[in-house]
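# An overview of the molecular structure
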Amino acid sequence: MSEQKHEHEIVMIGMVNVNRDNYLQGTVDVWRCRGCKKLFCDDRRYGEPLKPGVGFEEIGEDEQWAILTCTNIKEVFVLSLGVKPGKKILHTCKNGTAHEFVVKDDWTIARDDGETVHRLFLVKDNVNKVIEAGFYKLRMLG
Ligand SMILES: [Zn+2]
Ligand SMILES: [Zn+2]
């Protein structure tokens, strides 16, 4: 079988905003290929200029784009990454604490709440929505 290599034709379809108690803390731009409908994500840090849409990272065929939020009492750190059930996520908080999360079958991560609170959100469920990742909000919501 000869397969022609697919050239992605990527257009921006929206963004996911991550708030900390109503203050914008991070934005992930969401792009999609017109052909294969694959998603691509690009973390935009607040205050940094928009990067040109080149060099998109690809995730595995069986993976989904997700956003890991790392929340402490003062701020929220936002990171987009490819995940799938059973996948290990290695993450180090700003304060140097290393964590290892395993993605569960429902595409969330096991709770490991202490000084920082971590949650995983699927990008496809949150395009053009706001994730509220404030410390108290996340803890209240359980
Ligand atoms: Zn494509
Ligand atoms: Zn963290």
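Residues numbered from 1 in each chain as written. Chains lettered and ligands numbered in written order. Predicted model: local features only at pLDDT ≥ 70, side-chain atom pairs only at ≥ 80, totals over all residues. Heavy atoms only, no water.

## Re the overall build of the protein
To keep it simple, the criterion reads: Each helix corresponds to a stretch of at least 4 residues labelled H or I by DSSP, and each strand to a stretch of at least 2 residues labelled E; elements are numbered beginning at the N terminus. Working definition: with a 1.4 Å probe on protein chains only, accessible area under 20% of the residue-type maximum means buried, over 50% means exposed, and in between means partly exposed. Residue exposure ignores everything except the shown protein chains as possible cover, and the areas themselves are Shrake-Rupley values with a 1.4 Å probe.
In terms of regular secondary structure, the protein is built from 1 helix and 9 strands. The helix and strand sequence of the protein, counted from the amino end, reads β-β-β-β-β-β-β-β-β-α. Within the protein, buried positions represent 38% of all 142 residues. When the accessible surface of the protein is summed, it comes to about 8800 Å², and 50% of that surface belongs to carbon and sulfur atoms.

## Brief notes about the coordination of the zinc ion (ligand 2)
Counted only if it meets this: Keep in mind that water is not among the atoms, so a site may look incomplete; donors are the N, O and S atoms within 2.8 Å of the metal, or 3.2 Å for Na, K and Ca. A site with four donors is called tetrahedral when every donor-metal-donor angle falls between 85 and 135 degrees; four donors are called square planar, and six octahedral, when opposite donors sit more than 155 degrees apart and all other angles fall between 65 and 115; any other arrangement is irregular.
Within the protein, Cys70 (SG), His91 (NE2), Cys93 (SG) and His118 (NE2) serve as the donor atoms for the zinc ion (ligand 2), at 2.0 to 2.3 Å. If you look at the zinc ion (ligand 2), its 4 donor atoms make angles of 101 to 115 degrees with each other, and the shape they trace is tetrahedral. Sequence spacing of the donor residues for the zinc ion (ligand 2), all on one chain, is C-x20-H-x1-C-x24-H. By the burial criterion, His91 is buried, and Cys93 matches it.

## A few points about the sheet that holds strand β8 (residues 117–122)
Rules: Criterion used throughout: strands pair if DSSP finds at least two bridges between them. All axes are obtained by fitting lines to C-alpha atoms, using only the stretch in contact for helices, and the reported angles, taken between N-to-C directions, cover 0 to 180 degrees.
The strand order across the open sheet formed by 3 strands is β5-β4-β8, and the pairing between neighbours is antiparallel. Each end of this open sheet is capped by a strand with a single partner; those strands are β5 (76–83) and β8. Across the sheet, the axes of successive neighbouring strands diverge by a mean angle of 25 degrees, strand direction being ignored. Here strand β4 (residues 64–71) runs beside β5; their pairing, made up of 8 bridges, is antiparallel. Across the sheet, the residue bridging to Ala66 is Leu81, located in β5.

## A closer look at the coordination of the zinc ion (ligand 1)
Within the first shell, the zinc ion (ligand 1) binds the protein through His6 (NE2), His8 (ND1), Cys33 (SG) and Cys36 (SG), at distances of 1.9 to 2.3 Å. Viewed at the metal, the 4 donor atoms of the zinc ion (ligand 1) are separated by angles of 103 to 113 degrees, and the geometry they form is tetrahedral. Positions of the donor residues of the zinc ion (ligand 1) along the chain correspond to the pattern H-x1-H-x24-C-x2-C.

## Quick word on the nonpolar core
Put simply, the rule is: For our purposes a nonpolar core is just a set of buried Ala, Val, Leu, Ile, Met, Phe, Trp, Tyr and Cys residues, chained together by side-chain atoms within 4.5 Å. In what follows, residue pairs with any heavy atoms lying within 4.5 Å of each other are defined as contacts.
One finds Val18, Ile67 and Val123 to be the most contacted residues of the largest nonpolar core, which totals 17 residues. For this core, the secondary-structure elements that each account for two or more residues are β1 (10–20), β2 (23–33), β3 (39–45), β4, β5 and α1 (135–141). Sequence-distant contacts of Val123, defined by excluding residues within four places in its chain, comprise Val16, Val30, Leu39, Cys41, Trp65, Ala66 and Ile67. If you look at the next biggest cluster of nonpolar residues, it comprises 10 residues, including Ala66, Leu81, Ile109 and Leu120.

## Let's talk about the pairing of β2
Pairing geometry for β1 and β2, over 10 bridges, is antiparallel. Opposite Met12, over in β2, you have Trp31 as the bridge partner. Remark: 2 residues form the turn of the hairpin made by β1 and β2, two consecutive strands paired antiparallel; Asp21 in that turn has positive phi of roughly 45 degrees.

Honestly, it's all geometry; don't read function into it.
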